[in-house]
Structure formats: C-alpha cells, structure tokens
Amino acid sequence: MKANSILARTVRAARPADLPAILMVLEAARGIMAASGNLSQWRAGYPAEADILRDMDREGGFVVQEAGRVVAYFAFLPSPEPTYATIHDGSWLEDTRPYHVIHRLASYPEVHGIFRTVLDWCAGRDRNLRIDTHRDNRIMQHCILQYGFRYCGIIHLANGDERLAYQLPAG
C-alpha cells in the first residue's frame, strides 16, 4: 500500500508547535548522511532550532505529513539567496528572473519518495528552482540529477564551505 501512503501526504507551512517533530526529522537525516559517508555536512548543531524558526518567520518553512505525522522538513525560500550571487567553475542556467531555493530537505530513512513529493510541490509554485548540496552528499546529488536539475558550479556558504549548485531548467 505504498502508493496509498504517498497519496496521503500533505505539505503545509511549518508551525512552532512542529519544532520537536522537525528536530527529530533533522536528527534522522543526520544519521542517513553519516551512514552514507557524508560525515561533515550538518554537523555542529546545524540546522538548529533557530534556523528552522527563521525559515518560519520568512514563511518558508514546510513540513510533509503522512498519516498525520511529520515525516519531512524543508525550506522553500524566494530569491535572492546571498550565497548564490557568485558561482565558480560554471554559471546559472538562467540568472535574470526571480527563483526559489530549496534548503534543509530532510526526512526519515524509512519514508521513501520524499524528494519527489517536495520537488513536485515546489515546482508547482515556481519552476525556476535552485538547490545546493555538499560534495559528499551522494544521495542528494543523485536525487537532484534524477529530478532533472543541471549542475551549474560551486557556491560558497557564508562560512566559506563549498557546495555544489544546481538549477532546474525552465520548461
């Protein structure tokens, strides 16, 4: 009945009352990353409660619910994204129109198809999407490319850390 489970998914704005459930999802995602060899992304308490609350304040924090349970979290934020202003070793596919960026996408390991659920929801609101990930996050890179994003180059976070940057082609 996996198909019915996916059909029962809803995406909604995150609320402060969701914070404990979101933090549990983020911890599970850290475990997925570590188990797959991505030992340096999302360390030192990132993303923290303050990051999630900031997403909510910007009306950009969302949860995915399945059977009434929060099973995933993501941020869907409008441009501009300051860390995307400069891209190295490449260029954005389209750099003149506003876009949305997807950050902090996390789910439980036993819940499958979350990436597609989230991206379908996001693409239904803005087709000009950007996303980035850590070089060691092979799972996310695979999902990003499988969905149709194109690799555009390298961006640097405010702390100087490198990320691989992608954009969904228009159309």
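Predicted model, so just to flag it, every value in this text is computed and none were measured. (Residues numbered from 1 in each chain as written. Predicted model: local features only at pLDDT ≥ 70, side-chain atom pairs only at ≥ 80, totals over all residues. Heavy atoms only, no water.)

## Looking at the packing of helix α4 (residues 114-123) against helix α5 (residues 138-147)
Between α4 and α5, the shortest axis-to-axis distance is 11 Å and the interhelical angle comes to 45°. By the angle between their axes, α4 is oblique relative to α5. Seen along the crossing, α4 lies across α5 with a hand that is right-handed. Taken together, the residues of α5 that come into contact with α4 (itself represented by F115, R116, L119, D120 and A123) are M140, C143, I144 and Y147. Partitioned by chemical class, the residues of the contact of α4 with α5 number seven nonpolar, no polar and two charged. (Axes fitted to C-alpha atoms, helices over the stretch in contact; angles between N-to-C directions. Helix = DSSP H or I, 4+ residues; strand = E, 2+ residues; numbered from the N terminus. Parallel < 35°, antiparallel > 145°, perpendicular 65-115°, else oblique. Left-handed = near helix turned anticlockwise from the far one by under 90°. Contact = heavy atoms within 4.5 Å. Nonpolar A, V, L, I, M, F, W, Y, C, P; charged D, E, K, R; others polar.)

## Details of unusual backbone geometry
That bond from Y46 to P47 is cis: its omega, -15°, falls within 30 degrees of zero. Mapped onto the secondary structure, P47 falls in the loop between α2 (19-35) and α3 (49-57). Notably, A67 is not glycine yet its phi reads approximately 55°, a positive angle. Within the element layout of this structure, A67 appears in the loop between β2 (61-66) and β3 (69-78). For A67, a relative accessible area of 76% translates into the label exposed. At R104, a residue that is not glycine, the phi angle is positive and equals roughly 55°. Inspection of the secondary structure assignment puts R104 in strand β4 (residues 100-107). A relative accessible area of 13% places R104 in the buried class. (Buried < 20%, exposed > 50% of the residue type's maximum accessible area, 1.4 Å probe, protein only.)

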